[in-house]
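# Per-entry structural report
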Amino acid sequence: MSTLFTPVEIGPLTLPNRLVVAPMAQYSADEGAHGPWHRAHLGMLANSGAGLVMIEMTSPSYAGRCTHGDCSLHDDRTEAALAETVALMRAVGGAKVGIQIGHGGRKASTHPSWKGFAPLAPGEGAYETIAPSPLPFGAAPAPREMTPADIRALIDDHAAAAARAVRAGVDLIEIHGAHGYLLHQFHSPVTNRRGDAYGGTAENRMRLLLEVFDATRAAAPGIAVGMRITASDWIEGGLTPDDAVALAKALAARGCDYVDVTSGGIDPAQKITVGPMYQVDFAAAVKAATGMPVRAVGLIATPEQAEGIVAGGKADMVALARAFLASPRWGWWAAYRLGATPMVPLQAQRAAHPAWAGWGMMDPALSA
Ligand SMILES: Cc1cc2nc3c(=O)[nH]c(=O)nc-3n(C[C@H](O)[C@H](O)[C@H](O)COP(=O)(O)O)c2cc1C
């Protein structure tokens, strides 16, 4: 019996299984709004076999987008576009729908991944970036240090975006507190040199993340709310698994429904060791210390790896990103290999296993 393909409760939400499509920025939005690419990409992933599909990092303000192709959720137009995507996903597939909300901070104003995230030049539509402290990310221009008014506006923007996401019909909201973006920049001593109540001690550096959580929680009653958090900056003097545990405990005490435990991205100086399932022990440490629902992520590629993580009690959910980009029906294959029955729409059932002998030809483990 597979554990991966059993339901799991995330606060008020029951997911049909523990497999999650991780949030993946597509750099293909039209002035912040979803367009044809998002509809095709996310509509397809609604039938990936995963119980939850996360919609990519979406900025709570227009200026917080990392690239000109990033999504935002700051006005009626972007809200209507999101609502259209969510409705499409529900019409065609069985996955629950989550959205990740996050501001780029000092990592904003760049080109997309296929141009190496290079900082935008003034002639390329560069825009002002903000951060806890005026420290540049690599060769990017220095960000402006956020004032108390900027901090207030950020919290309010998160609340407004959460309310828009609820109206657009999502099942779950995730706050992006990781990967070197704005909230992580507040959390990490590498990027936060503030002398006010938002800098200095670990408690002060967590403050904004908790205030954004509270504002989001209040704006999304009845909806699952979680956070993606950092377990290592991979830099001497940076965040460690103990910081992730402390943040997760504080979030759990405030009604956070889950955390996704990830790492890296705060500064080009990081010395990161990447290998199969390299972040799973971080998730296990947070789960053991808090008892809250935890999602593991990071270079998980086979059904057996995903199954082992949840069956072994290291995490409650497993998120995969690149495996689903490479193979959007990855969840069907995983279910077949683990002896479970995936959610296959009627239109595709002639290609289900074992009705279609082709599965056994593609993967000898599935031959009759
Ligand atoms: C194309 C792409 C876009 C991504 N965009 C996001 C994002 O919007 N938000 C986020 O938290 N992580 C993002 N990530 C990171 C993934 O969610 C995931 O944590 C990472 O890729 C490791 O998982 P994997 O080894 O299964 O790909 C992105 C990854 C990829 C490959």
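Structure shown above.
Our subject in this report is the structure included herewith. Bear in mind the structure is a predicted one, so any value in this text is a computation, not a measurement.

Within the element layout of this structure, Ala29 appears in the loop between β3 (19–21) and α1 (36–45). Ala29 sits 260 residues away from Ala289 along the chain, and the two C-alpha atoms are 39 Å apart.

Here we take up the pattern of salt bridges. Tallied over the full model, the rule gives 19 salt bridges. Of the charged contacts in the structure, one is a salt bridge between Arg39 and Glu84, with a shortest N-O distance of 3.3 Å. One end of the pair, Arg39, is in helix α1; the other, Glu84, is in helix α2 (residues 76–92), and 45 residues separate them in sequence. Accessibility expressed as a relative area gives 18% for Arg39, which makes it buried. Salt-bridge contacts for Arg217 lead to Asp257; the nearest nitrogen and oxygen are separated by 3.1 Å. Placement of the pair is Arg217 in helix α5 (residues 202–219) and Asp257 in the loop between α6 (241–253) and β11 (258–262), with a sequence separation of 40 residues. Judged by relative accessible area, Asp257 falls into the buried class, the value being 12%. Each of Asp76, Glu79, Arg164 and Arg167 takes part in salt bridges that share partners, so that together they form one network.

With that settled, consider the pairing of strand β12 (residues 294–297). Neither face of β12 is left uncovered, since the one carrying Val294 and Ala296 and the one carrying Arg295 and Val297 both have all their residues buried. Of the strand pairs in this sheet, β11 and β12 are connected by three bridges, and their pairing is parallel. Bridge pairing in β12 places Val259 opposite Val294. Remark: the β11/helix α7 (residues 280–290)/β12 crossover connection has right-handed handedness. Relative to strand β13 (residues 317–320), β12 runs parallel, the two being bridged by three bridges. Paired with Arg295 across the strands is Met317, a residue of β13. With respect to chirality, the unit in which β12 leads through helix α8 (residues 303–311) into the neighbouring parallel β13 is right-handed.

Procedures and definitions
Residues numbered from 1 in each chain as written. Predicted model: local features only at pLDDT ≥ 70, side-chain atom pairs only at ≥ 80, totals over all residues. Heavy atoms only, no water. Helix = DSSP H or I, 4+ residues; strand = E, 2+ residues; numbered from the N terminus. Salt bridge = Lys/Arg side-chain N within 4 Å of Asp/Glu carboxyl O. Buried < 20%, exposed > 50% of the residue type's maximum accessible area, 1.4 Å probe, protein only. Pairing = 2+ DSSP bridges. Right-handed = clockwise from strand over helix to strand, strands pointing away.

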